[in-house]
Each structure stands twice: as C-alpha cells, then as structure tokens.
Amino acid sequence: MPKKRSGGGLSPTQQAAKFLGVSVLAGAVMAGIALPAAGALGLAAKGSVKSFDEIPANLKSPQLSQRTTILDNQGNQIATVYSRDRTVVDLKDISPYMQKAIVAIEDSRFYQHGAIDLKGVLRALNKNAQEGGVAQGASTLTQQLVKNYFIEEAGDDPTKVAEATQQTLGRKIKELKYAIQIEEKLGKKRILENYLNITFFGEQAYGVEAASQRYFSKHAKDLNLQESALLAGIVQSPSRYDPVNDEAEATKRRNVVLQRMAEVGDISQKEADEAKRKPLGLNPSQPKNGCITAVKGAGFFCDYVRDVVLNEPVFGKTKEARAKLWNKGGLTIRTTLDPQAQESVQASIKKHVYKSDPVATAAAIVEPGTGKILAMGQSRPYGFGKDETQINLSVNADMGGGAGYQGGSTFKPIVAAAAIEGGKPPTQQYASPYEMPYPSPVQACDGKVWRNDPHNPAKLTNENESEHGPMGMKEATAKSVNTYYVQLISDIGICPVTQMAAKMGVQRADGRTMDQAPSIALGTQEVSPLTMANAYATFASRGMYCTPIAIESISQKIGSEEKPLEVPKSTCTRAMSEKTADTVSTLLKGVVEDGTGQEAGLGDRPSAGKTGTTDERYAAWFDGYTPNMAGAVWVGDPAHKRQMTNITIGGVPHDKVFGGEVPGPIWRDMMTGALSGKPVEDFNLIDIPDDNNKGDAQGKGQGGGTGGTNGDSTGGIGGLIGGLTAGGTTGGGTTVGGTTGDPTGGPFPSPTLSLPGNFIQGQGNAGGNGNGGRRG
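Conventions and cut-offs
Residues numbered from 1 in each chain as written. Predicted model: local features only at pLDDT ≥ 70, side-chain atom pairs only at ≥ 80, totals over all residues. Heavy atoms only, no water. Helix = DSSP H or I, 4+ residues; strand = E, 2+ residues; numbered from the N terminus. Buried < 20%, exposed > 50% of the residue type's maximum accessible area, 1.4 Å probe, protein only. Contact = heavy atoms within 4.5 Å. Polar contact = N/O pair within 3.5 Å; in protein donor to acceptor, adjacent residues only side chain to side chain. Axes fitted to C-alpha atoms, helices over the stretch in contact; angles between N-to-C directions. Parallel < 35°, antiparallel > 145°, perpendicular 65-115°, else oblique. Nonpolar A, V, L, I, M, F, W, Y, C, P; charged D, E, K, R; others polar. Disulfide = S-S within 2.5 Å. Salt bridge = Lys/Arg side-chain N within 4 Å of Asp/Glu carboxyl O. Phe/Tyr/Trp six-rings, centres within 6.5 Å; stacked < 30°, edge-to-face > 60°. Lys NZ or Arg CZ within 6 Å of the ring centre and 35° of its normal. Pairing = 2+ DSSP bridges. 1 Å grid on protein atoms, 1.4 Å probe; cavity = no way out; pocket = protein on both sides within 12 Å on 5 of 7 lines; lining within 4 Å. Points joined across faces, edges and corners; volume = space filled by probe spheres on them. pLDDT = per-residue confidence, 0-100.

Here the focus is the overall build of the chain. When helices and strands are counted, the chain shows 22 helices and 22 strands. Counting all 776 residues of the chain, 53% fall into the buried class. For the chain, contacts bridging at least 24 residues in sequence account for 68% of all contacts bridging at least 6.

Below you can see the structure in the form of structure tokens.
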C-alpha cells in the first residue's frame, strides 16, 4: 500500500487517483464534455473515448411498486398484497421533521448544490485517500434517487439488482448524467418527495409512509422529531440499524442524526439533547402481506383473484407483462365476494367439518345470470402448517386448485338437460333394472362409437336393490337411479351430453378432454366445486350460462392519480331453452322435496339440487340453487385415498357417507345464511305427469285402487315401494304403511342406511292408510 510522504502529503499514486477522480466527476457536471471510457463504460488512461452523450438521454421515473388492496363487493378490505410494501404520499403528507432529518444526514448541502456536490466529492476523495480505502461516499440525494430507480426497475431479478448496485465507474457515470437531468426536470422538492417514497427503510417497508406504519403505527405526516431521526438513520444500513432487532444500535444512530440536525441548524442543540434522552417509542405493526392474511377465510379467493390477473389477457398480452402489473401493485381491486355469503360459507363449513378431519370440504356460491363468485371456502385453512394447505380445493388446477373430484350423480341433470333439449320428454321411461351391463354400442362424438367388452362387460348397479323400474325421469332423478341415466345417455348418445356440459362451462379440473363413455352420466369426470356451482347457475338463470368472474373493478395508483383498468367481463350465452332449464328445475326441486336431497331443503324458500356420491365413496356432493344463488359443496379426501365409510366427520360418526347426508346440510346452512334478507323467489315449474302405468307417489295403481289384503290386482302395482313391486302379502297399508313403515310418514328403518321420510309409501285398506318413508 502506498504510504504518505514525511511531510504528510499524498504519495504520487494517491495524488493521481485524486486528480483522476475529481476530473471525471467534475467533468460529469458539464453535460456534453467527453469522459474517458474503457469497454462499455469503464476507464482507461489511454485509448478510445465514448461521449458522455452516448448514454441514453432520458431517464423515466419508474412506477413505484406499491401494495395492492383487495376489497369485497361492499368495499371492505379482504387483504393487502405486495412485492414491496409501499404507499406513495405527497411531500405535504410527510412530517417536516422527517424531511429535514433525511437531508441533514444524507445530503446536508442538498439545497445548495446541483446534481453533484463538488465540495462533497473533494472532501470524500481526500478522506478516502487518507484512509487508503472507501471511508466516505459523496453521493447526493439526487444520485441516490437515480440508483434507487435502477434498483426498482430491476425488481426481484437478482442479476439486474446486482448490475444496478455494482460499484463501478461506468455505473457512476450513468448515475451522474441522469442525476443532472432529474435536477433540471423535477426540482428539489419533487426529488426529495420521490426519494422518501422509494427508499428502503428495513422490515419490508419501502418508502416513509410504510416505514412510519411499520415502526410507529402512524402516518408519516405525524412523525415527531426523534421518530423522524430514527427513520432517517435507518436508511444507511437497514439491517444494522433495525430498531426492532437492535434497539441500542438504532438509538446511537438516531442520536447521530439528531446531532447532525443541530449542526446544520435545523434544530437547536437543546432540542437535540432533549430528543436524545427520549426512548425510541416504538409501536411496531406486523407486516400484513399476502392472501394468508385475508379475513373471513377468503385467502383462497384472494389467491384466485391474483391468478385471474396473472392469466387474463386483458391485463397484459404476455405472462411477463401481467406479472409486472401484479408486482408493481398500487391496485385497488373491488371483487365480487359477498361478505354475508362468505361468512355463511365459512360458518357452515366450521360447523360440519373440522380441519383435522381425515377428509375435507370445499364450497362455492355464484350468482345466476351474472357469473359473479359470491363466496369460496374450505375446511383446510390457507397456510403452511398441519391440516393447512395452499391448494384451492374449490377451483381447477390452472387457477391454483387440484386435479378435481368425481362429481357423481350431480352430473345427471346435465344428461337430463341434453336429453330434453334434444326432444326427449321428461316422462321418458326405461326398464331401469337394479343391475345391468352398460348398453352397447353407444354413439360418441366425431362418428366414434363406444362399445362394451362382450367377453367381460362393464356393469353397473343402483344404490339399493329396491331401485328398479320401469320408471320415468322424475322418479329416476329424485331417487338418483343409475341404470335409468345410463340407458338415457345410451339412447341419446354421448356427444349431446358432452356438448351440453361444455355449454354449461363444465370441464375437467385437470384440463383434460372429457371422456367419451356412457359412464360420464354417473359423474366419473373430475370437476371442481366452482365449476359445478356455475353450471347449476345455468339452470337457475333459465338456461343462460355466464362465465365466472371474481373482479368488478380495478384502479391503479399512478402518482397521486387513480387510473381505472379494464377488467374481464362475464360472457353470457344460451346453453339451453328456458323450457329445458325449467323442466330440469322441476326435476331437481323434487330431489329436495321428496328425494335424496331432503336434508338440504331450505324450508319455505324454494330450492332445487342434486346429490352425488361416487364409487367407493371417495367423494360426496350436493349442488343446488335458488333463483338468485347457486352453490356446490364437495366432501372427500383431496388425495383420493380415504373412503368415507366408518368415518367421523365434524364429530359425527357415519357408516357410509351420502351426498344428501353430509354435503347436503352444509349446503343448506351456507345457503340459508347467504340468502338471509334476500327476496324469496320461485321457479318457473313445468307440469311433469307421474308415470301412468304404475303406482303414483302415494302407492296408488293406475286405476286408483289401493293394496288389499293380498295386494289388489285392480290397483295395478300398488303398495310396496310406492308401486315398484306387487302389493304386500298382508296388504300395502299394513306391510308398508303400518308394520314396517311409520304410519306418520317417518323414515323407513334400515340397519345400514339413513332413510329420509317418504321414500317408501303405501296406502291400503287393511293397514289404515299409513305412509311409510322414502330412502335418500
């Protein structure tokens, strides 16, 4: 290392370095004077030079990344998210103490010099030369602002950040020229305002407003003297002077700032000494960033909103452009989330399914006719701990969900809609035996044909041996008869069903093409709750399908202005005729009133819906709607491993889980709360005659007779199971309505099945007109 001469002067090497440094920096002040360069922006004593003017002439102030606020449809805050926690404020909204403190400690001659402080440069060079290293910097606030611009533009790219902060002469030269331009363009007050808004203050806080909130839980305009000095001192080294983690070091640094303020005349020495004796006065607030902080269990909906911004072309032509918009933030996003519906969903889920249960539940509610997502929730909370997850169980894989879950019999109304739209009457009857092989061949799309294996044919059965026909669509839907619906899809073909599903927005959650097999009638395709809620909303809106939307409006803060942004709109198209939709609603109203979905009924408020339980009971569903809301509830193991037999869910033991038994009550309770105070609307129902060649819902035969002592032959097939078999041996009324059934219409007892009332009905003279139960 070169040494000082005996007289105390600099060595020749140090003198040369000082002269060269001063020459370069002083020359930078004179825009247009050539600067020595090596490589792109390096330095060489000899050789070619590049003009100072070859550096791009204009530096645009970057749009500072800020926090994004997500609101529900009433304007209540759901969550704040940000890549950098920053709230940009005007200079008038920053305490005068703060303004003076940052100038005093970072650039005390800020108002006297231009973009570059030559006195400061000479002082720093002399000090550094004496120390033999870099002991003191000379960057002005303007130069620091330029450096922060570069860092801000680099975003989270580590390579670009390294380039923006590298200690090279080339970067300094670029920084100097831009500093000159900024001084001319903005003036001192705007420079100070921009600096205080862009600077990092530690603890995830960017800008003085965020810092003031983080350390003192107050606005920047309310900072007092000692608080301002503390924040100003942090800037030099946010980690070293972090008052939360090292109060002693932060106090020393604060007092240095206070003393400097006294030295430059901003405050008196007495004021400085008094402030030094005061405690730091911290009142920190914890950083609240991300969807994990969302209220009312809306973390997954918050994530869904983010995915909408990152995927919708309206927010940018490329993935990179959309990501940049999200990361820059400063957005105020008003969503479609209804706080009443969301709270009701979460309350119902909490009541019926515990987060520690071996299975989970997920639910979604949408508004028919608009596609607005009103609520979205699940039993496993948003998080990283035990029994928590970041997977949104309500949505498709491409929007942060999983691979979906087989929909079971909730798919049958889509088959019914396709059949009715194609001309099949709802009175269409099929033999509907308890057990049968899949019919073959069956017409599929594009001229293809599905065939059963003649040597080992695939077979199917109904849930219970008592379920067999012949029967029409009304009874088959209420009882969820598998063999009826497989015969129906085999009759009309697979393609009309998959086409109807597509018109209703039904697609596999994993993005794969729907299978071309008659088994889809039984819900073998994996779907998500949001998909099914929105599909059933098509029935509620009398055949109009509307694409789901989560965002009502977005504004972006640019400077002090709010700029509205375009948002995705729901696209509504007719999926089926009003008559078809009304017919399906009539069928599904029967499911809730007399069929497998009775436990989901909403009392005096008309509702319609369908239960669903998959093979081996890996999933159970209830999807339903009123004219003004549609919702879907799924219960099952997200990993598709746990069968729901001999299982306890929400503290209630179950031998077997049915769609009407667990998902049904969840749906009932969540919809009851969501609809509270809303208008009671009714459906436009269609008259669907009962089957006219068998007993009606009261067990009467075609001729109106009733079961006699040994079964009345004049009564058709009256008596047992509402006309499904011959009359009872001791009379329809005695066997079904009296001895076995409950004369008051109570549930038909079974050792393994929970049988809702009115499944088996009989009316006979010998038994006294007693009504039995009907299995759900």
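Here the narrative resumes, following the displayed structure.
In this section: the side chain of asparagine 462. With respect to the secondary-structure elements, asparagine 462 resides in the loop between β12 (459-461) and α16 (473-479). For asparagine 462, a relative accessible area of 3% gives the class buried. Within polar-contact distance, the side chain of asparagine 462 engages the backbone oxygen of glutamate 467 at 2.8 Å. Those residues within four positions of asparagine 462 in sequence are excluded, and the remaining contacts are Ser432, Pro433, Tyr434, Glu467, Val481, Asn482 and Thr483.

A separate point is the packing of helix α9 (residues 225-234) against helix α10 (residues 247-263). Interaxial distance between α9 and α10 falls to 8 Å at its minimum, and their mutual angle equals 110 degrees. Judged by the inter-axis angle, α9 sits roughly perpendicular to α10. Residue-level contacts link Leu225, Gln226, Ala229, Leu230, Ala232 and Gly233 of α9 to Ala250, Arg253, Arg254, Val257, Leu258 and Met261 of α10. Taken together, the residues that form the contact of α9 with α10 break down as 8 nonpolar, 2 polar and 2 charged.

Its place among the elements puts glutamate 312 in the loop between α12 (299-311) and α13 (319-328). Residues glutamate 312 and proline 568, spaced 256 residues apart in sequence, show a C-alpha to C-alpha distance of 7.3 Å. Other than its neighbours up to four places away in sequence, glutamate 312 contacts Arg322 and Pro568.

All right, on to the side chain of glutamine 487 then. Assignment of secondary structure puts glutamine 487 in helix α17 (residues 482-492). In this view, glutamine 487 contacts Tyr430, Ala431, Ser432, Pro433 and Met436; residues no more than four positions away in its chain are not counted.

Below, the discussion takes up helix α18 (residues 494-503). Of all the positions in α18, only Ile494, Cys495, Val497, Thr498, Met500 and Ala501 are classed as buried. Residues of α18 that are buried sit in contact with α15 (412-421), β10 (442-443), β11 (449-450) and α17. A positive phi of about 75 degrees marks glycine 505, the residue just after α18.

This next bit is on the state of the cysteines. The tally for this structure, following the rule as stated, stands at 3 disulfides. One disulfide in the model links cysteine 445 with cysteine 495; its S-S distance is 2.0 Å. Judged by the sign of its S-S torsion, about 105 degrees, the cystine formed by cysteine 445 and cysteine 495 is right-handed. In this pair, cysteine 445 sits in the loop between β10 and β11 while cysteine 495 sits in helix α18, placing the two residues 50 residues apart along the sequence. There is no split in this pair, since cysteine 445 and cysteine 495 are both buried. Each sulfur in the disulfide pair cysteine 546 and cysteine 572 lies 2.1 Å from the other. Its S-S torsion of approximately 110 degrees makes the covalent link between cysteine 546 and cysteine 572 right-handed. Here cysteine 546 is found in strand β14 (residues 544-546), whereas its partner cysteine 572 is found in strand β17 (residues 572-574), with 26 residues between them in sequence. Assessed through its relative accessible area of 5%, cysteine 546 is described here as buried. By sequence order of its bonded cysteines, the chain has the disulfide arrangement 1-2, 3-4, 5-6.

In the structure shown here, the tally under the stated rule is 26 salt bridges. With a closest N to O distance of 3.3 Å, arginine 240 and glutamate 249 form a salt bridge. A salt bridge links aspartate 669 to lysine 351, with the nearest nitrogen and oxygen atoms 3.2 Å apart. On the criterion of sequence distance, the pair formed by aspartate 669 in helix α21 (residues 663-675) and lysine 351 in helix α14 (residues 339-352) is long-range, its members being 318 residues apart. Under the relative-accessibility criterion, lysine 351 is labelled exposed at 54%. What emerges from the salt-bridge pattern is a single network uniting Arg67, Asp85 and Arg214.

Quick look at the packing of aromatic side chains now. Each aromatic ring pair is described using two quantities: the centre-to-centre distance and the angle formed by the ring planes. Scanning the model with the defined rule gives 13 aromatic pairs in all. Centre to centre, the rings of tyrosine 484 and tyrosine 485 are 5.4 Å apart; their planes meet at 70 degrees, and the pair counts as edge-to-face. With relative accessibility at 1%, the residue tyrosine 485 sits in the buried group. Directly above the ring of phenylalanine 110 sits lysine 188, whose terminal nitrogen or CZ lies 4.4 Å from the centroid. Lying over the aromatic face of phenylalanine 658, arginine 617 brings its terminal NZ or CZ to 4.7 Å of the ring centre.

Before going further, it helps to examine the sheet that holds strand β15 (residues 551-558). Spatially, the 5 strands line up as an open sheet ordered β4-β3-β5-β15-β16, and their pairing is mixed. Since the sheet does not close on itself, it has two edges, and those belong to β4 (77-81) and β16 (561-565), each with one partner. Averaged over all neighbouring strand pairs, the angle between strand axes comes to 20 degrees, with direction disregarded. Of the strand pairs in this sheet, strand β3 (residues 68-71) and β4 are connected by 4 bridges, and their pairing is antiparallel. Within β4, the residue paired with leucine 71 across the bridge is glutamine 77. The sheet strands contacting α13 are β3, β4, β5 (331-335), β15 and β16, and the helix crosses β5 at an angle near 100 degrees.

Cis geometry is found at the peptide bond from serine 440 to proline 441, where omega equals 0 degrees. Here proline 441 is to be found in the loop between β9 (435-437) and β10. Going from glycine 469 to proline 470, the amide bond is cis rather than trans, its omega being 10 degrees. The residue proline 470 is located in the loop between β12 and α16 in this model.

This part covers the layout of surface pockets. A volume near 690 Å³ is recorded for the second largest pocket. In terms of lining residues, the second largest pocket is bounded by 34 residues, among which Glu463, Asn482, Thr613, Thr614 and Asp615 are the most central. Looking at the lining of the second largest pocket, the elements that each hand over two or more residues are β12 and β18 (608-613). Of the residues assigned to the lining of the second largest pocket, the class counts are 5 nonpolar, 19 polar and 10 charged.

This brings us to the pairing of β5. Within a regular beta strand, the side chains point alternately toward one face of the sheet and then the other, so they alternate between its two faces. Side chains Leu331, Ile333 and Thr335 project from β5 onto a buried face, and the interleaved Thr332 and Arg334 project onto a face without burial. Of the strand pairs in this sheet, β3 and β5 are connected by 3 bridges, and their pairing is parallel. In the sheet register, leucine 71 faces β5, and the bridge partner there is arginine 334. Across 5 bridges, the pairing between β5 and β15 is antiparallel. Looking across to β15, one finds that arginine 334 is bridged to serine 553.

The subject of this paragraph is the sheet that holds strand β19 (residues 619-626). Sheet strands line up and pair through hydrogen bonds in the backbone, either parallel or antiparallel. Pairing in this open sheet of 5 strands is antiparallel, and the strands run β7-β6-β20-β19-β18 from one edge to the other. Two strands in the sheet have a free side with no partner beyond their single neighbour: β7 (373-378) and β18. Direction aside, the axes of adjacent strands within the sheet are offset by 5 degrees on average. Sheet topology places strand β6 (residues 360-366) next to strand β20 (residues 629-636); 7 bridges connect them, and they run antiparallel. Bridging across to β20, alanine 362 finds its partner in tryptophan 634.

In this model, the chain carries an average pLDDT of 81, and 77% of its residues clear a pLDDT of 70 or more. Of the regions scoring below 50 in pLDDT, residues 1-55 engages in 73 contacts with residues more than four places distant in sequence or in other chains.

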